Amino acid sequence: GYQAGKIDRDPGIVAFGYNSLHQTTGEDNTAIGHVASMFNTTGGQNTAVGSSALYFNYTGSDNTALGMKSLASNNSGSGNTACGKDAMHYNTTGGNNTVAGKNALYSNVAGNYNVAVGYNALYANNGTTSTNVAVGSFALEGNTTGEFNTAVGHVALNQNLIGDNNTGVGHS
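Chemist: In this structure, what is going on with the sheet that holds strand E1 (residues 14-16)? I would like to understand it.
Modeler: Strand pairing in a sheet is mediated by backbone hydrogen bonds. Such pairs are either parallel or antiparallel. The sheet built from 10 strands is open, its strands ordered E1-E2-E3-E4-E5-E6-E7-E8-E9-E10 with parallel pairing. Edge positions in the open sheet fall to E1 and strand E10 (167-169), since each of these has one partner strand only. For this sheet, the mean angle separating the axes of adjacent strands, direction not counted, is 5°. Bridging between strand E3 (residues 47-49) and strand E4 (residues 64-66) involves 3 bridges; their strand directions are parallel. Each bridged residue has a counterpart across the sheet, and for Ala-48 the counterpart in E4 is Ala-65.

Chemist: In this structure, what is going on with the nonpolar core? I would like to understand it.
Modeler: Considering soluble globular proteins, one finds that nonpolar side chains tend to be buried as a cluster. Of all hydrophobic cores here, the largest spans 23 residues; its most connected members are Val-99 and Ala-116. Sequence-distant contacts of Val-99, that is, excluding residues within four places in its chain, are made with Thr-81, Ala-82, Cys-83, Ala-87, Met-88, Ala-104, Leu-105 and Ala-116. Among the nonpolar cores identified, the runner-up in size contains 5 residues, and Met-38, Phe-39, Tyr-55 and Ala-72 belong to it.

Basis of the calculations
- Residues numbered from 1 in each chain as written.
- Predicted model: local features only at pLDDT ≥ 70, side-chain atom pairs only at ≥ 80, totals over all residues.
- Heavy atoms only, no water.
- Pairing = 2+ DSSP bridges.
- Helix = DSSP H or I, 4+ residues; strand = E, 2+ residues; numbered from the N terminus.
- Axes fitted to C-alpha atoms, helices over the stretch in contact; angles between N-to-C directions.
- Core = buried A, V, L, I, M, F, W, Y, C linked by side-chain atoms within 4.5 Å.
- Buried < 20%, exposed > 50% of the residue type's maximum accessible area, 1.4 Å probe, protein only.
- Contact = heavy atoms within 4.5 Å.

Shown next, in the form of structure tokens:
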């Protein structure tokens with residue numbers, strides 16, 4: 001695509017799509033899609049597939065973003081895996097999170113070591129909220145600052161906002 005991989009001279013990059021990996025000097029990056037990983041500067045070993053995936057990543061490394069706008073706001077967060085449209089959309093510095101599902105861990109900014117699987121799982125998780133596990137559509141959806149929670153099942157613990165150390169299994 002137009003200006004894909006414009007600056008990088010590393011033979012280890014793959015860039016397909018308008019302005020994908022446009023500013024990178026990082027090594028071993030792959031970006032496929034319109035403006036995928038457009039602002040990556042020194043981040044390395046990243047994979048971005050989808051329009052605007054890893055869009056604002058500057059220095060984050062070892063990230064995988066699959067889906068439109070997944071990890072779009074990531075700046076320096078590393079070690080994240082986000083699969084699904086808007087998965088981890090607002091993450092900037094959080095690291096080592098694993099997410100699969102549309103809007104999963106959507107509002108996370110700096111939280112680490114979270115697992116969210118399912119539509120809107122851990123959607124409202126924000127700040128530095130870390131170490132939560134949500135499996136199921138809407139699981140822990142409303143969680144904002146609660147940590148060390150485990151929710152398994154459709155809508156499990158979705159009204160938990162700030163509670164810590166909770167376990168919920170099953171519907172609601």
